[in-house]
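Report on the structure
The primary structure of each chain is shown beneath.
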Amino acid sequence: MAISRGLHHVTAIAGDAQQNVDFYAGMLGLRLVKKTVNFDDPHTYHLYYGDEVGTPGSILTFFPWPGARHGRAGVGQIAVISLAIPPSSVGFWLERFVAFGVDHDAPSRRFGDTVIAFKDRDGLQLELVATEVSVARRPWSDGGVRLEHAIRGVHTVTLWEHSLDRTEEVLASVFGLRPADSEGTTTRFVSAEPAATPVVEIRVVGGFLAPIGGAGTVHHVAFRAAQDDDELAMRERVAASGLHATPVIDRQYFHSVYFREPGGVLFEIATDPPGFAIDEAPGRLGSALMLPPQYEPRRAELERALPPLHAPLAATASLTEGAP
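The rules we used
- Residues numbered from 1 in each chain as written.
- Predicted model: local features only at pLDDT ≥ 70, side-chain atom pairs only at ≥ 80, totals over all residues.
- Heavy atoms only, no water.
- Phe/Tyr/Trp six-rings, centres within 6.5 Å; stacked < 30°, edge-to-face > 60°.
- Buried < 20%, exposed > 50% of the residue type's maximum accessible area, 1.4 Å probe, protein only.
- Pairing = 2+ DSSP bridges.
- Helix = DSSP H or I, 4+ residues; strand = E, 2+ residues; numbered from the N terminus.
- Axes fitted to C-alpha atoms, helices over the stretch in contact; angles between N-to-C directions.
- Contact = heavy atoms within 4.5 Å.
- Core = buried A, V, L, I, M, F, W, Y, C linked by side-chain atoms within 4.5 Å.
- Left-handed = near helix turned anticlockwise from the far one by under 90°.
- Nonpolar A, V, L, I, M, F, W, Y, C, P; charged D, E, K, R; others polar.
- Polar contact = N/O pair within 3.5 Å; in protein donor to acceptor, adjacent residues only side chain to side chain.
- Arc of directions from axis to C-beta.

1. Topic: the packing of aromatic side chains
A complete count under the given rule lists 18 aromatic pairs for this structure. Their ring planes at 85 degrees and their centres at 5.3 Å tell us that Phe92 and Trp93 sit as a pair that is edge-to-face. Across the pair, Trp93 and Phe92 agree in class, each one buried. Taken together, the ring pairs connect Phe23, Tyr24, Tyr49, Phe62, Phe92, Trp93, Phe97 and Phe118 into an aromatic cluster.

Have a look at this one:
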């Protein structure tokens, strides 16, 4: 059975695009690997961050909607995105958060790892998880954060659900994930591959508040499919589970299938190929506005509609203000 290798990317909603670049490329030190448009709403950006080449599993993406209302996490939604760091980097990141005025909590422990909960400028709930799993991953080394402390991709996402059973069935039957451990009302699911890396955590929150979409909330999570044939096999298993899946959609840098799991969270199946270097050289990733062929004839119109973006301010501040 074709199984998922883990997470491909996580997509969230932001407000101001430049503020988003300053936080993720500047303060967090991720690489802006692609600057394009929302293929379903081309008058807004779609920004991709990750490691040097945008390796699946390292990618965070955002739809920045200027003036968007602030949303609220709730049941039936991805509430938290966790990013991996080396265990020796906890002190570095605490100092950096203080230096840049980032809203964060004191370190805590979960599943044996040190966790620092924090929020971006739109209130999106994030975590840094200090884990040995991250050490083997190669981070972006030119983002203003020293290599030994740089973020090593997405660790897990946390779903808030009414109950566990039906979502667990989908994670197992479609993606080949299995439960590995539980703490309180949270269950961790890992890949069935030999490395057994963490992928998803589900927190059962019962009758918690319903989510409100808007800036600072997660739109969807994408799971990896190695090739197109693997994606089609997973899509067939979605249908066999009685859920509706979209046709395969060409997203230029990967091929996508979308469906909602029984709890209401929007899932995507995304292929590893073709990747982000199909229209930019690896050394130039994220440096220009890239448009899919259907929007290239409208380039002048779209460039007038999109706000200009410049290099992240936080990276400059770290050099001039002595931040870590």
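2. A short note on the sheet that holds strand E1 (residues 7–14)
Reading across the sheet, the eight strands line up as E2-E3-E4-E1-E13-E16-E15-E14 and stay open at both edges, with mixed pairing between neighbours. Looking along the sheet, the strands with just one partner apiece sit at the ends: strand E2 (31–38) and strand E14 (249–250). Judged from the three bridges that link them, strand E3 (residues 41–50) and strand E4 (residues 59–64) form a sheet pairing that is antiparallel. Across the sheet, residue Leu47 finds its bridge partner in E4, namely Phe62.

3. A few points about the sheet that holds strand E7 (residues 113–119)
Strand order in the open sheet made by the eight strands is E6-E7-E8-E5-E9-E12-E11-E10, with mixed pairing throughout. With partners counted over all chains shown, the strands left at the sheet margins are strand E6 (108–110) and strand E10 (177–183), one partner each. Between one strand and the next, the sheet's axes are offset by a mean angle of 30 degrees, whatever the strand orientation. Taken together, the five bridges between strand E9 (residues 154–161) and strand E12 (residues 198–204) define a ladder with parallel strand orientation. Pairing of Leu159 across the sheet is with Ile202, part of E12. Across the sheet, helix H3 (residues 165–175) touches E9, E10, strand E11 (186–191) and E12, and the angle it forms with E10 is around 145 degrees.

4. A closer look at the nonpolar core
Counting residues in each nonpolar core, the largest one holds 70 residues, and the members touching the most others are Tyr24, Leu28, Trp93, Phe175, Val200, Phe223 and Phe259. If one sorts the elements of this core by residue count, helix H1 (residues 17–27) sits on top with six residues. With near-sequence residues (within four places) excluded, Tyr24 lies in contact with Gly29, Leu30, Tyr49, Leu60, Phe62, Asp120, Leu124 and Leu126. Of all hydrophobic cores here, the second largest spans ten residues; its members include Ile59, Phe254, Leu285 and Met290.

5. Details of the packing of H3 against helix H4 (residues 228–240)
Contact geometry of H3 with H4 gives a least axis separation of 8 Å together with a crossing angle of 145 degrees. Crossing of H3 against H4: the hand is right-handed. Here Ser173, Val174 and Phe175 of H3 lie close against H4, whose contacting residues are Met234, Arg237 and Val238. Among the residues forming the contact of H3 with H4, the class breakdown is four nonpolar, one polar and one charged.

6. Describing the side chain of Asn20
Structurally, the position occupied by Asn20 is in helix H1. For Asn20, the side chain forms a polar contact with the side chain of Tyr49, separated by 2.7 Å. Among all residues touching Asn20, those that are not within four sequence positions of it are Ala14, Ala25, Leu47, Tyr49 and Phe62.

7. Some words on H3
Among the residues making up H3, those that are buried are Thr167, Val170, Leu171, Val174 and Phe175. Buried residues along H3 cover an arc of 100 degrees about the axis, so they all sit on one side. Counted as exposed and oriented over 90 degrees from the buried face of H3: Asp165 and Glu169. In the stretch just after H3, Gly176 is the one whose phi turns positive, near 75 degrees.

8. Focus on helix H2 (residues 90–99)
Burial in H2 covers these residues: Val90, Phe92, Trp93, Arg96 and Phe97. Along the long axis of H2, the arc covered by the buried residues comes to 160 degrees, so they all point the same way. Opposite the buried face of H2, at more than 90 degrees from it, the exposed residues are Glu95 and Val98. Directly after H2, the chain includes Gly101, whose backbone phi takes a positive value near 65 degrees.

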